[in-house]
Each structure stands twice: as C-alpha cells, then as structure tokens.
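Summary of structural features
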Amino acid sequence: MENNIVLLPGDGIGPEVVGQAVRVLEAAAAAAGTSLRFTERLLGGCSIDQYGTAMTEETLADCQQADAVLLGAVGGPKWDDPQAKVRPEQGLLGLRKGLGVFANLRPVRVHPALVSASPLKPERLAGVDLIVVRELTGGLYFGQPKGRQMVDGHEQAVDTLVYTDEEIRRVVRLAFRFAQQRRKKVTSVDKANVLESSRLWRKVAVEVAAEFPDVALEHMLVDTASMRLVTSPAAIDVLVTENMFGDILTDEASVLAGSMGMLPSASLGEGGAGLYEPIHGSAPDIAGKGIANPLGTILSTALLLRYSLNQPEAAARIEAAVDKAISDGLRTVDLGGSLTSRQMTDEVLALLNV
Ligand code: NAD
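The structure displayed is predicted, hence computed values, not measured ones.

Procedures and definitions
- Residues numbered from 1 in each chain as written.
- Predicted model: local features only at pLDDT ≥ 70, side-chain atom pairs only at ≥ 80, totals over all residues.
- Heavy atoms only, no water.
- Helix = DSSP H or I, 4+ residues; strand = E, 2+ residues; numbered from the N terminus.
- Contact = heavy atoms within 4.5 Å.
- Polar contact = N/O pair within 3.5 Å; in protein donor to acceptor, adjacent residues only side chain to side chain.
- 1 Å grid on protein atoms, 1.4 Å probe; cavity = no way out; pocket = protein on both sides within 12 Å on 5 of 7 lines; lining within 4 Å.
- Points joined across faces, edges and corners; volume = space filled by probe spheres on them.
- Nonpolar A, V, L, I, M, F, W, Y, C, P; charged D, E, K, R; others polar.
- Domains from an automatic or database assignment.

To continue, consider the environment of Asp 323. Locating Asp 323 in the fold gives a position in helix 11 (residues 312-327). Between the C-alpha atoms of Asp 323 and Arg 183, which are 140 residues apart in sequence, the distance is 20 Å. Those residues in contact with Asp 323, other than ones at most four positions away along the chain, are Arg 109 and His 111. A distance of 3.4 Å separates a polar atom in the side chain of Asp 323 from a polar atom in the side chain of Arg 109.

Gaps left between atoms are located by rolling a probe of water-molecule size over the structure's atoms. Space inside the largest pocket adds up to approximately 920 Å³. If you go around the largest pocket, you meet 39 residues; those closest to its centre are Pro 107, Ile 131, Leu 303, Arg 306 and Tyr 307. Contributing elements (two or more residues each) for the lining of the largest pocket: strand 4 (103-109), strand 5 (129-135), helix 6 (165-180), strand 11 (264-268), helix 10 (295-307) and helix 11. Considering every element that reaches the lining of the largest pocket, the biggest residue donor is helix 6, with six residues. Split into classes, the residues belonging to the lining of the largest pocket amount to 21 nonpolar, eight polar and ten charged. Viewed by domain, the lining of the largest pocket spans two of them, domain 1 (1-102 + 270-354) and domain 2 (119-257), each represented by three or more residues. Quantified by volume, the second largest pocket comes out at close to 670 Å³. In this structure, the second largest pocket is lined by 30 residues; those nearest its centre are Leu 92, Arg 96, Arg 106, Glu 277 and Ile 279. Here the lining of the second largest pocket is composed, by residue class, of eleven nonpolar, ten polar and nine charged. Each of domain 1 (1-102 + 270-354) and domain 2 (119-257) contributes no fewer than three residues to the lining of the second largest pocket.

Now the structure itself:
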C-alpha cells in the first residue's frame, strides 16, 4: 500500500531541512518495504506571495486526505507586520484546526554528548527522556468572548478560558497511552488552586487514570512544574497540560536539549493525518546558506513513521542513526561544528544501514 505524504516546506530554512529529511524518510521507509508518495504544497509566507493567503483550501484538502503531513517552518521578516491582515501563522493555525490535531507532542531527550550544549548543570541532565503533551485546540487561545471594550472610562481586554470534559479526556487519554509504552508515569499540570477549568482538568485526569491502572498519575501545579523542569527533569516521563501552560512549558523543556535544531514534534488527533515538524522556526538569519541543522526535521520523520505509518522499527532506526551521528562527534554549525545540512544528512543516511 502506498502512503500519501504532503510536504509543506514553508519559508526560510524550512525547504532546506525538509528537503534533507525526506531523503532519510524515503530511505528508512524503503528499507521497511513501505512505499511513499509525496505531494508538495505551499504554506505560510510563500503561499501569501503566490496566492494572497497563508493556506489555500486545496492545500488543506490535500493535507486532510493525506496519511501524514511534514512541515518545515513558516514566517520571516518579509511578512512580519503585526498589523497585516494576512499572516504566515494563519496557515499553521488553520492547518491544525483543519486536521483536528488536538495534541502536540514534544519528546525531549538529552544526548550525553550534547550535555555541554545545554545551559543546565550536567548532573541535572542525566537520564532526561520526557514527552510534553500539550492540548492544542482549546483553552485561552480559542475562548470566546474575547475583545476590548471601555468599562467605567478604562479600556478592558477580555480573554476566556474554556474546556469541556471531552476536550480534556481525549488529550489526557493520549498521554496515558504514551506513558504505557514508556516509564508508566503521567504528570498532569494545572492551576487547580485557582482556576475552575483546572479543577475540571484534574477531575477528568483522575477518571482517565482509573482506565490505566498500570500508569501512575501525579498532579502538579504549573508554577511547580516550571521549576521541576529545570531542577529535576529526569523525574518526568509524560507531562500533559492545557494549551497555554503547554506553550510555555514546551519552550522551557526544549532548552534542556541544547539546540532548537535537534527537537521534533508531532501533532495528533483521533485518526486522520498527523502533522510533523521540527520545533524551530524559519531561522531567517541562516536561511539560504545550507547550514541549518536538519536533525529536528529528520527526527520528526521518525515520529511520522511511528505514529502515522505504524512503522516503529523504521522510526527507531532513524533515531539510532541520529544518536550515533551525535556520538561520533558529527556537528552542524549550531552545535559548534562545521557540517552543512546535506553533509549531516549524508552521515545519517550512511548510519541508517549500519
Ligand atoms: P527560530 O527558531 O527561527 O530561530 C531562533 C534561533 O535559532 C536563530 O538564531 C536560528 O538561526 C536558530 N535556529 C533555529 N533552527 C535552527 C536549525 N535547524 N539549525 C540551526 N540553527 C537554528 O525563531 P525566531 O528567530 O524567533 O523566528 C524566526 C521566524 O520563524 C519568525 O518569523 C517566526 O514567526 C517563525 N517561527 C515559525 C515557527 C513555525 O513555523 N512553527 C515557529 C517559531 C517561529
């Protein structure tokens, strides 16, 4: 059976890293006897330039019909005017919504050879291997009403934080399923001492935990979680939280690994196409130079193989090849080396078949 993958290289270094990652994805899939068909589409600034919109309806329809979507990054100084009606991120938000991906998954591992690239002390980083699961389509970023009005002579701004038990349940369940495959511990992060939505979150988390007797559940307030992520990150297995807390904590967690260029992400829903992308942006400062670190995107293709194409062995081979490349001292410029994106990818490809 042929798997249909939509490629959305996007802007800046997006096309450079996606171009390299596809080479690895093709090789790993071929070795596993899986055949892939790629369709490339525009998203973000390049789509604005071509069509006047950050994502066309045709592009969304292609993504919805695909088995998986691999995205580079969108945005850049050319489209940065905050007053502009049409902005690159609209493509990203529209795509997430259109695909119904409600959980964003960010695995963070610290390779022993990269400990010195992290701002944390080496002893705090030993054994760090965690996943942050962030709810992606609810909460404060989407709550209604929202807006500005004059109240008693003062300008008032309103945002609304809404969650239904169903929205909480589906993402917490996903976190428990991941934990079952891992160290069997879920840390549910909320602000239940203050927020009603967090009290509902906690109640639902307890209900879901009853479905997974083999997985331990701990509750943690978001302020405590932000400290624990830097004081004892190795104690966390799967951390699940709502949209805004997750937005902040995922960036904090990404610092542990040393370079933004190393980290992959997956956005998943129930069935349907998953969306895979590195966590970094379009890096306009190095775009066009061919020196971007392709490993975050390459590791995203491993997640694609694991979660959308059900090829865990092919995924593990890519991850092992990247691990070996790092252990062997191979480094792109962001990690203090001098390899280009293509050279680093050539090395990963060579290690894939070892
Ligand atoms: P960025 O992630 O693009 O870059 C931050 C720094 O990290 C830069 O110095 C960059 O050179 C470096 N960097 C990032 N990825 C790298 C890689 N693979 N290899 C080597 N170095 C890498 O973040 P930014 O500068 O804040 O944003 C630049 C643009 O990207 C903005 O327009 C922003 O809106 C957009 N952005 C897009 C996404 C996305 O598409 N998901 C995410 C974040 C930012």
